[in-house]
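Here is what each chain is made of, one letter per residue.
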Amino acid sequence: MQDKIDSIKQQLLELTATHDSPRSVLRSPLLRSLYAEIPKLPAEQKGQFGQMINQLKLDIEAAVVTREAQLARVELRPIDVTAPMDINSARPEPLAASKGSVHPLMREISILSDIFNRMGYVVEESREIDDQFHMFESLNFPKGHPARDDYDTFMTEERDGDGEPLIAPAHTSTMQYRVLRKYLDNLDKGEPIAAIVPDRVFRNEDLDARHEHTFYQVEGVYVGEGVNVGNLIATLQEFLQEYYGKKLEVRLNPFYFPFTEPSFEFSLSCPFCEKKGCSVCSQEGWIELLGCGMIHPNVLQMAGVDPGKYTGFAFGCGVDRLVMMKYAIEDVRHFHSAKLDFLRQF
Ligand code: PHE
């Protein structure tokens, strides 16, 4: 009898160790067949046999618990938090990492950074929270300057040490002061300061196909001896030609920014219709792409650059718009929509 129980126990343990729903082993016909033996036994053996089967059942139960824990561990696969969620599927699930891809904006930012790198520019990062000094004062917007209102700036309710709210940067120009200071030594060595800052900016905008509250800009700063507007135009033209892979006409209109003088609004001939007018350029033939100008002497001075000796230019270009034009994307909101149909095209 003991041998029979041992052999069944062995079989059941082996079964449990590999079963997908181990608890069902407790209802196995093998186990039930043992219980069915009890009534057939002589009265004096029933108690002992019953105890042996109960012990066997306890052993199987312990094996079931072990197996269940093992199965649970397998299901707790590490989650790739960077994988996009498929919100279009019936049951949202993270996609396997192998199916993910770099976000189109990130990919384009590395392409444009590479172009500027090859032109000798270093790449710097901005930040997602900044202060009034970098957003306004360092850029020649004194307190109460009306142009502060041109930037629909998100501000915190908390105040900093000066009693001022903190801000979510509304443009990458907040980095001009930092870049100038960081590379100030270049000028003493007879080298220019040349940096770009591609990063996120935030504006309290009404949203539509061309406006998002969160978008990307790339700031460019170039300072050296004898730098002029011609250098600015040539640089932007060279960059855009490389980025779009074709020669495009550019147009400058006078504009106003407190931190550049003169300031310009820079437009590009529409790469889709060659200035004939189409839906991408709203029938204009031209697309406004960025603001730029010669860095204001006050901005240079504040950052410790001698404006009597050095001049420089700066530009701030909307990356989303640049990318929309490259691929004829009709709505800026697609970028942050998490629509996989959109993302998978890149
Ligand atoms: N920061 C400006 C904007 O976002 C653009 C700009 C950058 C203009 C640099 C001049 C120089 O509107």
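Here's what I pulled together on the structure shown here. Just so it is clear, the model here is predicted, and its values are computed rather than measured.

The rules behind each value
Residues numbered from 1 in each chain as written. Predicted model: local features only at pLDDT ≥ 70, side-chain atom pairs only at ≥ 80, totals over all residues. Heavy atoms only, no water. Near = heavy atom within 4 Å. Polar contact = N/O pair within 3.5 Å; in protein donor to acceptor, adjacent residues only side chain to side chain. Areas by Shrake-Rupley, 256 points an atom, 1.4 Å probe, with all protein chains shown as cover. Helix = DSSP H or I, 4+ residues; strand = E, 2+ residues; numbered from the N terminus. Nonpolar A, V, L, I, M, F, W, Y, C, P; charged D, E, K, R; others polar. Pairing = 2+ DSSP bridges. Contact = heavy atoms within 4.5 Å. Axes fitted to C-alpha atoms, helices over the stretch in contact; angles between N-to-C directions.

## Concerning the site of the ligand
Step number 1: Among the 15 residues in the neighbourhood of the ligand, the closest are listed as His 171, Ser 173, Arg 203, Gln 217 and Gly 316.
Step number 2: The contact in question runs from a nitrogen atom of the ligand to an N or O atom on the side chain of His 171, over 2.8 Å.
Step number 3: Arg 203 places a side-chain nitrogen or oxygen 3.0 Å from an oxygen atom of the ligand.
Step number 4: Protein burial of the ligand: of its 330 Å² of free accessible surface, 94% is covered by the chains.
Step number 5: Put simply, the parts of the chain that give the shell around the ligand at least two residues each are strand 5 (214-224), strand 8 (286-295) and strand 9 (311-318).
Step number 6: No other element matches strand 9, which puts three residues into the shell around the ligand.
Step number 7: Its residues placed into classes, the shell around the ligand shows six nonpolar, seven polar and two charged.

## Thoughts on the sheet that holds strand 1 (residues 122-123)
Step number 1: Read from one edge of the open sheet, seven strands run 1-4-5-9-8-7-6, paired in mixed fashion. Unpaired on one side and paired on the other, strand 1 and strand 6 (250-257) mark the two borders of the sheet.
Step number 2: Bridge count for strand 7 (residues 260-269) against strand 8 is eight bridges, and the pairing is antiparallel. Across the sheet, Leu 268 pairs through a bridge with Ile 287, a residue of strand 8.
Step number 3: Lying on the sheet, helix 4 (residues 104-118) is in contact with strand 1, strand 4 (193-202), strand 5 and strand 9; it crosses strand 4 at an angle near 165°.
Step number 4: Contacting strand 6, strand 7, strand 8 and strand 9, helix 8 (residues 229-244) crosses the sheet at an angle of about 30° to strand 7.

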